[in-house]
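Residues per chain are reported as follows:
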Amino acid sequence: MTKSTKFLLGLSIVLSSCAVYSQGLDPALLAKPATDSWPTYGGDYSQRRYSTLKQIDQSNVKNLTLAWIGNLPLGVGGGSFFAPETAPTIIGGEAKEPLAGGVFPPRVGGAILQVNGILYMSAPDNAWAVDARDGTVIWHYFWKSRGGTHIGNRGMAMVKDWLFFETPDDYLISLDAKTGKERWHKEIADFNQEYFSTMAPIAIGNHLIVGVGDDLDSPGFLQSFDPETGSLQWKYYTVPMKQGDPGLETWKDLDAASHGGAQTWMPGSYDPETHLYIFSTGNPTPAYTSETRGEGDNLYTCSIIGLDVDTGKMKWYFQTSPHDTHDWDSTQSPVLVDAPFQGKPRKMVMQAARNGYFFVVDRVTGEHLVTGKFSGAANWAKGVDKRGEVMRDPAKDSTLAGSLVSPDNGGATNWPPPSFDPDTGLFYVQLREVYAMYYLTESNQRLVTGLGGKEEDTVGNLGTSLVAIDYQTGKITWKYKYPDAGNSYGWITGLLTTAGKLLFSSDTAGNLVAYDPTNGKPLWHSRIGAISNAPETYLLDGRQYILVATGTSLLAFTLPQ
Amino acid sequence: MKRVPVVVIASIFLVGFAYTAPAQVPAPQQSAQPAPAPPAPPAHGAPAGFVMPPAYPVRPPADPAVVDHGKKLFVTSCGFCHGTDARGGATGPNLVRSQLVLDDKSGELVGAVIREGRLTKGMPKFDMPDADVSAIATFLHSQYTNESGAAPSAPINIVVGDAKAGQAYFSGPGKCNTCHSVTGDLAGIGAKYEPKDVQNLLLSGGGGGGFGRRAKSTPPAPTTVTVTLPNGQKYQGKLLRIDAFRVALTEDDGQYRSFTINGATPKVEVHNPLQPHLDMLLTIKDIDIHNLTAYLVTVK
């Protein structure tokens, strides 16, 4: 079978499991590179964050200018004396009283969908629809929360005319995209066990894949729901939950395994050909102490996993941080790439992990291909083993007297999504090189749960960089270090590449920047303040837009007409 | 009652997630200049107009006498299998993080297990009055320790190094003595700071930023910058911010100046007095850190 027929077969599986839509989201858009729409978290299922649009290119990017700013209303009110909000606010939620003024601190940190000229975005407890032509708010949905860790929300999923997003207090909410009115909501995790939910759901055919987060010692899991009814199709636990489960031998006992973490708070990718949902899991728990977990690898924490979309059964896994002891989840975006590897075409998944290492794995079989170290500062490992997995140095765990370790807890990278550009063949990701002293603050590890038992004190920052990695070697092709006045501990919030031979990113100082992807040279910038999500692009009325959020404002850039 | 109250959580948010930084990292707060000291949180813990929701269900405070009673009952009746600390034993699971205990409000679920047993798993029935069941549940709920910053169960001394070796490192391979002196700038450092602060200071050189204790101290000298225009005119001062496109400084008299950077023009030279400390992080070993700390804490 040729590559294209395999692809079409895979696509037809997606299509055949959905009705044909007269309106709403055309599911065929999900499987091809982003162009005139942005229908799912990463622009398309591959999470390459590469757009084939090239109206904006290296020759004209210097003319890029602001098209509009949209300001999102918050809480139950909205609007102000000077700019009364005319869009309706729809209020839902299980809590008796809404939290006055909204919860702290709301911001758009995830993906913004763009379908048929409408933008759809979310923040903890909030969702909005906005006109993609001028930033006018069409509706605002507000969820009365019962609490939960309000750390972020990664965005929404769309099926037909239905939207889906998760709330910090563990509900999956479905909205009518036209009106913002609630279709249904469903509890997806036990709030008492301290789950909180931030993932952008991923729609694949008649499956809606939904993940969770937790900072206590609760097991991670993924669930698949029917997008129409919200009924549960399958639930996959990322740690062993009963005797006989695979991976149990890597834990001290079943009690340790079934409280072992491996949360699923970042969206995975989807490969239509193999029908695998490819995602990655969080750290083991307790996070900083491991005596109670046993000596083993603690599967399937900090792993990339290929899961059959219809059954929720694991086909393969690759562990990027066996027996992690620094709360470095490996939930960073798994990026699907079809490209030559050692002279032959290969179907790969690539990940730059929070632990400072870069991995390439065959996504059909799970076979390890490349491990590279992209953080020069990372000092926590003894090396890479025969499996290509990184071997932790136990001396660099949190210790009573203190251990000097890089990365800090924030990691070499984190949730801000990377990008793969098929034109340059380079994988782009942010790099933070921060050192901290990690102290164990409880000598009796039995007493420690969750994130307890440690103190982390930052002692120095070598800087934040944008790096381009050669996937065939795992080595850095170029590294652009952000100028820094010292101690800014800056972040960049995600990347976008385009066929216009441009790499878009925030910098650490509030600029939106277009770089030359071959060498990291800045070609255009605009200082718009603290950018809170990754840049996206779409084509509307024949014009290409570059879209980012700064907290609860949206800014769209385009070329002058 | 060991759960972090809402007010505390809100204040942690404000100081940059100092202690309970969750696995998911918060929104980056971009700032091109050293972050100013965070404002003290208002009495109710959240900025005006915003409410910080509880991160998880918060239980009402428990009566210490009931907790104590529950603990005694637990140790005698349950400790043999579940461990006297309730963290699990040879045959019984850790109950502090058990799903059933977390879902239990005030003994209704825990009590059912105590009275009915888990016969298939080898747990017998216990006949116990309501007050005792409730006390055991209260004890279990009080044992929650998810937060960092909890008091340790036994004192911890972080000074484990060899002071003599630290002294030799100070004047030898560490080259600390090229900038510092224990009779000069470091005089009395062991009396001024507790050991953990001494250890962090010797690595960081002081100054704010990042997580944890570093914010306590001020940097020995600010980062400075010299900007030289094409006509030779020089501007010098404290570096406020710099990115690829602009640099801003404050001159000695307080005058603010900013410049647009276009490639190599103007010439911008940054002088970070803490650079030797940053360079040191790449090579210094934990044993040298511990020895230096053991030495510096003796400098009273």
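Residues numbered from 1 in each chain as written. Chains lettered and ligands numbered in written order. Predicted model: local features only at pLDDT ≥ 70, side-chain atom pairs only at ≥ 80, totals over all residues. Heavy atoms only, no water.

The secondary structure content of chain B amounts to eleven helices and five strands. Burial status across chain B gives 45% buried among its 300 residues. Considering only contacts in chain B between residues 6 or more positions apart, those separated by 24 or more positions represent 54%. Accessible area of chain B: about 15500 Å², with a carbon and sulfur share of 58%. (Helix = DSSP H or I, 4+ residues; strand = E, 2+ residues; numbered from the N terminus. Buried < 20%, exposed > 50% of the residue type's maximum accessible area, 1.4 Å probe, protein only. Contact = heavy atoms within 4.5 Å. Areas by Shrake-Rupley, 256 points an atom, 1.4 Å probe, with all protein chains shown as cover.)

What chain A contains, in helices and strands, is two helices and 39 strands. Radius of gyration (C-alpha) of chain A: 22 Å, near the 24 Å computed for a compact globule of 561 residues. Based on the C-alpha atoms only, the size of chain A along its principal axes is roughly 60 × 55 × 55 Å. Every one of the 561 residues in chain A was classed for burial, and the buried ones make up 70%. Residue pairs at least 24 apart in sequence account for 60% of intrachain contacts in chain A once pairs closer than 6 positions are excluded. Accessible surface, chain A as shown: approximately 16500 Å² in total, 52% of it carbon and sulfur. Separation of charge centres in chain A, based on 45 positive and 59 negative side chains, amounts to 5 Å. (Rg over C-alpha atoms; globule rule 2.2 N^0.38 Å. Lys, Arg positive; Asp, Glu negative; His and termini not counted. Charge placed at Lys NZ, Arg CZ, Asp CG, Glu CD.)

Turning our attention to unusual backbone geometry. A cis amide bond links Thr285(A) with the next residue in sequence, Pro286(A), at an omega value of -5°. Tracing the sequence through the fold places Pro286(A) in the loop between strand 19 (276-280) and strand 20 (303-308). Each neighbour pair has its own omega, and for Thr265(B) with Pro266(B) the value is -10°, a cis peptide bond. With respect to the element layout, Pro266(B) can be found in the loop between strand 4 (256-260) and strand 5 (267-271). Although it is not a glycine, His275(A) sits at a positive phi angle of roughly 60°. Relative to the helices and strands, His275(A) resides in the loop between strand 18 (269-271) and strand 19.

Residues and elements named next belong to chain A. On the accessibility criterion, His275 (12% relative accessible area) is buried. His275 sits eleven residues away from Pro286 along the chain, and the two C-alpha atoms are 33 Å apart. Of note is the side chain of His275, whose polar atom sits 2.6 Å from the side chain of Tyr270. (Polar contact = N/O pair within 3.5 Å; in protein donor to acceptor, adjacent residues only side chain to side chain.)

Residue and element names in this part refer to chain A. Within the open sheet, the four strands sit side by side as 2-39-38-37. Their pairing is antiparallel. This sheet does not close on itself; its edge strands, each paired only once, are strand 2 (65-71) and strand 37 (536-540). Taking each pair of neighbouring strands and ignoring which way they run, the sheet shows an average axis angle of 30°. Strand direction decides the pairing type here: strand 37 and strand 38 (residues 543-550), joined by five bridges, are antiparallel. (Pairing = 2+ DSSP bridges. Axes fitted to C-alpha atoms, helices over the stretch in contact; angles between N-to-C directions.)

Bringing helix 11 (residues 286-296) of chain B into the picture now. Counting buried positions along helix 11 of chain B gives ten out of eleven residues, so the element sits mostly inside the fold. Here helix 11 of chain B has its buried residues at Asp286(B), Asp288(B), Ile289(B), His290(B), Asn291(B), Leu292(B), Thr293(B), Ala294(B), Tyr295(B) and Leu296(B). Buried-residue contacts for helix 11 of chain B involve strand 28 (403-405) and strand 30 (426-440) of chain A together with helix 7 (163-171), helix 8 (189-192) and helix 9 (195-204) of chain B.

Let us now look at the packing of helix 7 of chain B against helix 11 of chain B. Residue and element names in this part refer to chain B. Contact geometry of helix 7 with helix 11 gives a least axis separation of 7 Å together with a crossing angle of 100°. With respect to helix 11, the axis of helix 7 lies roughly perpendicular. Together, Ala163, Ala165, Gly166, Gln167, Tyr169 and Phe170 of helix 7 and Asp288, Asn291, Leu292, Ala294, Tyr295 and Leu296 of helix 11 make up the contact between the two elements. For the contact of helix 7 with helix 11, the per-class residue count stands at eight nonpolar, three polar and one charged. (Parallel < 35°, antiparallel > 145°, perpendicular 65-115°, else oblique. Nonpolar A, V, L, I, M, F, W, Y, C, P; charged D, E, K, R; others polar.)

All names here are of chain B. Over its 14 residues, helix 2 (residues 64-77) runs 20 Å from end to end, which matches the ideal 20 Å to within 8%, given 1.5 Å per residue. When we look at burial in helix 2, the residues that qualify are Val67, Gly70, Leu73 and Phe74. One side of helix 2 carries all its buried residues, which in axial view fall inside an arc of 130°. Looking at helix 2, the residues exposed on the side facing more than 90 degrees away from the buried face are Pro64, Ala65, Lys72 and Thr76. Looking at the buried side of helix 2, the elements it contacts are helix 3 (79-82) and helix 6 (130-142). (Expected span 1.5 Å × (residues − 1). Arc of directions from axis to C-beta.)

Right, let's get into the packing of aromatic side chains. All names here are of chain A. If you walk through the whole model with that rule in mind, you get 24 aromatic pairs over all chains. Measuring from centroid to centroid gives 5.8 Å for Tyr357 and Trp380, while their planes differ by 85°, and the two rings are edge-to-face. With a gap of 23 residues between them, Tyr357 in strand 24 (residues 357-362) and Trp380 in the loop between strand 25 (368-373) and strand 26 (381-384) connect regions that are remote in the sequence. The same class applies to Tyr357 as to Trp380, namely buried. Among the aromatic residues, ring-to-ring pairing joins Tyr195, Phe221 and Tyr237 into one connected group. Residue placement shows Lys235 over the ring face of Phe221; its charged tip is 4.1 Å from the ring centre. (Phe/Tyr/Trp six-rings, centres within 6.5 Å; stacked < 30°, edge-to-face > 60°. Lys NZ or Arg CZ within 6 Å of the ring centre and 35° of its normal.)

Our next topic: the nonpolar core. By size, the foremost hydrophobic cluster in this structure holds 43 residues, and its most contacted members are Tyr120(A), Trp139(A), Tyr141(A), Leu163(A) and Tyr277(A). When sequence neighbours within four positions are dropped, the list of residues in contact with Tyr120(A) reads Ala111(A), Ile112(A), Leu113(A), Val115(A), Trp128(A), Ala129(A), Trp139(A), Met156(A), Met158(A), Leu163(A) and Ala177(A). In this structure, Ala377(A), Leu202(B), Leu203(B) and Ile284(B) belong to the second largest nonpolar core, which totals 26 residues. (Core = buried A, V, L, I, M, F, W, Y, C linked by side-chain atoms within 4.5 Å.)

To continue, consider the environment of Leu95(B). All names here are of chain B. With respect to the element layout, Leu95 can be found in the loop between helix 3 and helix 4 (99-103). Under the relative-accessibility criterion, Leu95 is labelled buried at 15%. Leave out the neighbours within four places in its chain, and Leu95 touches Phe74, His82, Ala86, Val101 and Leu140.

Moving on: the pairing of strand 11 (residues 182-187) of chain A. Consecutive residues of a regular strand have side chains that alternate between opposite faces of the sheet. Residue and element names in this part refer to chain A. Where strand 10 (residues 171-176) meets strand 11, five bridges bridge the pair, whose relative direction is antiparallel. Directly across from Tyr171, in strand 11, lies its bridge partner Glu187. Here strand 10 folds back onto strand 11 in antiparallel fashion, the turn holding five residues, of which Gly180 has a positive phi close to 80°.

None of this, on its own, says anything about what the molecule does.
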